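# Structural characterization, general
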Number of protein chains: 2
Amino acid sequence: MSPEHAARLAALAHGRRAAALGTLHAGAPFVSMVPYALLPDGGAFVVHVSRLAGHTKDMLADPRVSLLVMQAEGEGVDAQALARLTVQGEARELAKGSGEEGECRAAYLARFPEAEPLTAFGDFSFFAIRPVQARFVAGFAQAMSLAGESLSRILAARG
Amino acid sequence: MSPEHAARLAALAHGRRAAALGTLHAGAPFVSMVPYALLPDGGAFVVHVSRLAGHTKDMLADPRVSLLVMQAEGEGVDAQALARLTVQGEARELAKGSGEEGECRAAYLARFPEAEPLTAFGDFSFFAIRPVQARFVAGFAQAMSLAGESLSRILAARG
């Protein structure tokens, strides 16, 4: 990937705040909205979800998920040409009080300080979504695939 | 659903232009971006996709899909409270030249006139995604489920 594309990818992932999360729901796809943060090393997307929510039950039943981060509509860009990043990854619930959970909590609350009260509820927990592979579409007919490790390096460079 | 919530749902679905499409990709969820239009009767979301794209192959292999339409970020709303609509539905490719395809093409090009040249490419086709069920989250702790027919009626009222 060219340095220009890598910079655009990192700006997109760091600049947006909400992703579309695809989970397996009784064997079918289910897409819901999740606010997300990135770990400083780019190794995971962090989400904070309730056990009462369908997507949480889905992730506990099957860790295979997909995340989509899209450029904002408008900005003078045709809808077909919006930049977007699809991540296929593995979701893992983090044990409360663990070191990993602490890192994820810090990254998440740095981005969403208003979510702090929710972290006191027992039914909410942090999940780390580790990228396995990704596809970045920078615009019309500009699509490129990359491995999870490559994505993490690109995200860390802007972390 | 209250008239106020129905009006907000319709405004969201008619006002946005790009959705997150969840498909089954080798048994795992895959989320990609699709511009969409609505049929005037609210009976389907219309997308225009290339057979070269992964999501198209996925829909041809398994018609079960999910669409997410999200309120724009910002607008003074916390990310957790963004309004969003998840649709679970069935995707069907429309035969070129059929009456149904004509209706879908008209609805799509009314919204995306810039896509007209792409319709001349043989590898692009229209798919209609019929809602089977839906979930509307109007804001924090304001979630409601509805049947596909109910969603269609709400969308048609604003069509």
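Above: the structure in question.
In this text, all values refer to a predicted model and were calculated from it rather than measured experimentally.

Quick notes on the rules
Residues numbered from 1 in each chain as written. Chains lettered and ligands numbered in written order. Predicted model: local features only at pLDDT ≥ 70, side-chain atom pairs only at ≥ 80, totals over all residues. Helix = DSSP H or I, 4+ residues; strand = E, 2+ residues; numbered from the N terminus. Rg over C-alpha atoms; globule rule 2.2 N^0.38 Å. Buried ≥ 20, exposed ≤ 12 C-beta atoms within 10 Å, placed from the backbone. Contact = placed C-beta atoms within 7 Å. Least-squares fit on C-alpha atoms with pLDDT ≥ 70 in both. Nonpolar A, V, L, I, M, F, W, Y, C, P; charged D, E, K, R; others polar. Core = buried A, V, L, I, M, F, W, Y, C linked by C-beta atoms within 7 Å. Arc of directions from axis to C-beta. Axes fitted to C-alpha atoms, helices over the stretch in contact; angles between N-to-C directions. Parallel < 35°, antiparallel > 145°, perpendicular 65-115°, else oblique. Pairing = 2+ DSSP bridges.

## Let's talk about the overall build of chain A
On a plain count of helices and strands, chain A comes out with 4 helices and 8 strands. Along chain A, from the amino end to the carboxyl end, the secondary structure elements read α-β-β-β-β-α-β-β-α-β-β-α. By the compact-globule yardstick of 15 Å for 159 residues, chain A fits well, its C-alpha radius of gyration being 15 Å. The C-alpha extent of chain A, read off along each of the three principal axes, is 45 × 35 × 30 Å. Each of the 159 residues in chain A was classed as buried or not, and the buried ones make up 44%. Look at the contacts in chain A between residues 6 or more apart in sequence, and 67% of them connect residues 24 or more apart.

## So, the relation of the copies chain B and chain A
Structural alignment of chain B on chain A gives an RMSD of 0.0 Å, achieved by rotating through 180° and translating 0.0 Å along the axis. What the superposition gives is, in effect, a two-fold axis relating one chain to the other. The share of interface residues of chain B whose copies in chain A are also at the interface is 100%, consistent with both copies meeting through the same surface.

## Digging into the interface of chain B and chain A
The interface of chain B with chain A comprises 32 residues on the first partner and 32 residues on the second. Those elements giving two or more residues to the side of chain B that touches chain A turn out to be β1 (18-25), β2 (28-35), β5 (64-70) and β6 (84-93) of chain B. Residue composition of the side of chain B that touches chain A, grouped by class: 18 nonpolar, 7 polar and 7 charged.

## Regarding the environment of A:Arg105
All names here are of chain A. Note on placement: Arg105 falls in helix α3 (residues 99-111). It is 24 Å that separates the C-alpha atoms of Arg105 and Ser150, two residues lying 45 residues apart in sequence. For Arg105, the residues in contact, after removing those within four places along its chain, are Thr119 and Phe126.

## What about the nonpolar core?
Core analysis: the biggest nonpolar cluster contains 96 residues, and A:Ala20, A:Val46, A:Leu67, B:Ala20, B:Val46 and B:Leu67 have the highest contact counts within it. With sequence-adjacent residues up to four places away left out, A:Leu67 is seen in contact with A:Ala19, A:Ala20, A:Leu21, A:Phe45, A:Val87, A:Gly89, A:Ile129 and B:Val31.

## Section: helix α4 (residues 148-157) of chain A
Taken residue by residue, α4(A) has A:Leu151, A:Ser152, A:Ile154 and A:Leu155 as its buried positions. For α4(A), the angular spread of the buried residues around the axis is 165°, confining them to a single face.

## A few points about the packing of helix α1 (residues 3-15) of chain A against α4(A)
Residues and elements named next belong to chain A. In contact at an axis separation of 9 Å, α1 and α4 are set at 75° when each is read in the N-to-C sense. In terms of orientation, α1 and α4 fall into the roughly perpendicular class. Side by side, α1 and α4 meet where Ala6, Leu9, Ala10 and Ala13 of the first sit next to Ile154, Leu155 and Ala157 of the second. Residue composition of the contact of α1 with α4, grouped by class: 7 nonpolar, no polar and no charged.

## Thoughts on the pairing of strand β8 (residues 142-147) of chain B
Residue and element names in this part refer to chain B. Pairing between strand β7 (residues 124-139) and β8: 6 bridges, direction antiparallel. From the neighbouring strand, Gly139 faces β8, where its bridge partner is Gln142. In this structure, the hairpin formed by β7 and β8 is closed by a connection of 2 residues, where Ala141 is found at a positive phi of approximately 60°.

## Focus: unusual backbone geometry
The backbone of A:Ala26 shows a phi angle near 50°, a positive value even though the residue is not glycine. Secondary-structure assignment places A:Ala26 in the loop between β1 (18-25) and β2 (28-35). Located in the positive-phi region is B:Ala141, a residue other than glycine, with phi close to 60°. Note that B:Ala141 resides in the loop between β7 and β8.

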